[in-house]
Amino acid sequence: MLKTNSKRQNMQRYKCIVIIGPPGSGKSTIAKIISKNKKFFAIDMGKMARQLQKEKLLDPIISDSITKGIPLNPKLNYKLVYDTINNYIKDGSFNPKRQIIISGGNFGTAENAKMLKMLLEMIQIIVLDIPDELLVNRIEKQHIEQKRNDNKESIIYQRILSYRKNMSSILAEFKPQIITHVDASLPLTKVTKIVKES
């Protein structure tokens with residue numbers, strides 16, 4: 001189990017832009033498009049976790065949380081992010097001296113956001129705002145196209161409910177001047193353009 005000690009608190013922090021929003025809002029897609037600029041390195045924590053889950057390489061507690069659509073325990077969430085970043089550094093995919101992480105993913109809870117600030121230097125938080133009705137349609141489409149087991153109807157609503165419940169307290173962890181809201185109900189190309197210009 002991960003321990004948050006003084007050594008870890010004094011470790012290097014990686015510059016990061018986080019795109020947050022409810023499931024189906026386009027977070028990971030936008031991050032991937034922006035990372036075509038080599039200045040950025042996209043990390044899709046959700047996709048990474050689902051792949052590890054599929055290969056049965058994920059901690060059973062994390063796997064169970066993903067399946068049920070509930071936020072991860074802060075220490076387990078930190079460990080997943082920490083291990084993922086360091087694996088990318090070790091294999092040469094990510095160069096923290098030259099690149100900024102851009103991540104499409106939610107913190108889950110304010111506790112998770114607070115803990116991740118020890119690892120990531122958040123230089124910008126982009127919030128994708130979108131109505132729930134449009135979200136459900138998008139997620140159901142993902143379910144068909146990607147065959148994801150976390151997109152069953154009951155889990156879809158659980159994930160959206162969890163996001164709505166925790167978002168205010170999560171954003172309260174960051175300075176208002178680094179937070180930008182974007183209307184994610186617009187076409188993806190337009191949303192991406194706005195995010196790039198933010």
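Residues numbered from 1 in each chain as written. Predicted model: local features only at pLDDT ≥ 70, side-chain atom pairs only at ≥ 80, totals over all residues. Heavy atoms only, no water.

### A look at helix α5 (residues 74–90)
Its 17 residues place the ends of α5 24 Å apart at the C-alpha level, agreeing with the 24 Å of an ideal helix rising 1.5 Å per residue. Considered for burial, the residues of α5 that qualify are Leu 76, Asn 77, Tyr 78, Leu 80, Val 81, Thr 84, Ile 85 and Asn 86. Looking one or two residues past α5, Gly 92 carries a phi angle of roughly 85°, positive in sign. (Helix = DSSP H or I, 4+ residues; strand = E, 2+ residues; numbered from the N terminus. Expected span 1.5 Å × (residues − 1). Buried < 20%, exposed > 50% of the residue type's maximum accessible area, 1.4 Å probe, protein only.)

### Comments concerning the pattern of salt bridges
Scanning all chains against the criterion turns up 4 salt bridges. Here Lys 79 makes a salt bridge to Asp 83, at a shortest N to O gap of 2.7 Å. In this pair, Lys 79 and Asp 83 both sit in helix α5, 4 residues apart, roughly one turn of the helix. Taking the relative accessible area as the measure of exposure, Asp 83 reaches 28% and is therefore partly exposed. In this structure, Asp 132 engages Arg 164 in a salt bridge whose closest nitrogen and oxygen atoms are separated by 2.6 Å. Here Arg 164 lies in helix α8 (residues 153–171) and Asp 132 lies in helix α7 (residues 132–146), a separation of 32 residues in the sequence. Note on Arg 164: relative accessible area 36%, which makes it partly exposed. (Salt bridge = Lys/Arg side-chain N within 4 Å of Asp/Glu carboxyl O.)

### Digging into the confidence of the model for the chain
Regions with low pLDDT carry predicted coordinates that are not meant to be interpreted in detail. Overall, the prediction assigns the chain a mean pLDDT of 80, with 75% of residues at 70 or greater. Here helix α1 (residues 6–9) stands out as the least confident element of the chain, with mean pLDDT 45; strand β5 (residues 179–183) is the most confident, with 95. Taken together, the stretch residues 1–9 has pLDDT below 50 and engages in 12 contacts with residues farther than four places along the chain or on a different chain. (pLDDT = per-residue confidence, 0-100. Contact = heavy atoms within 4.5 Å.)

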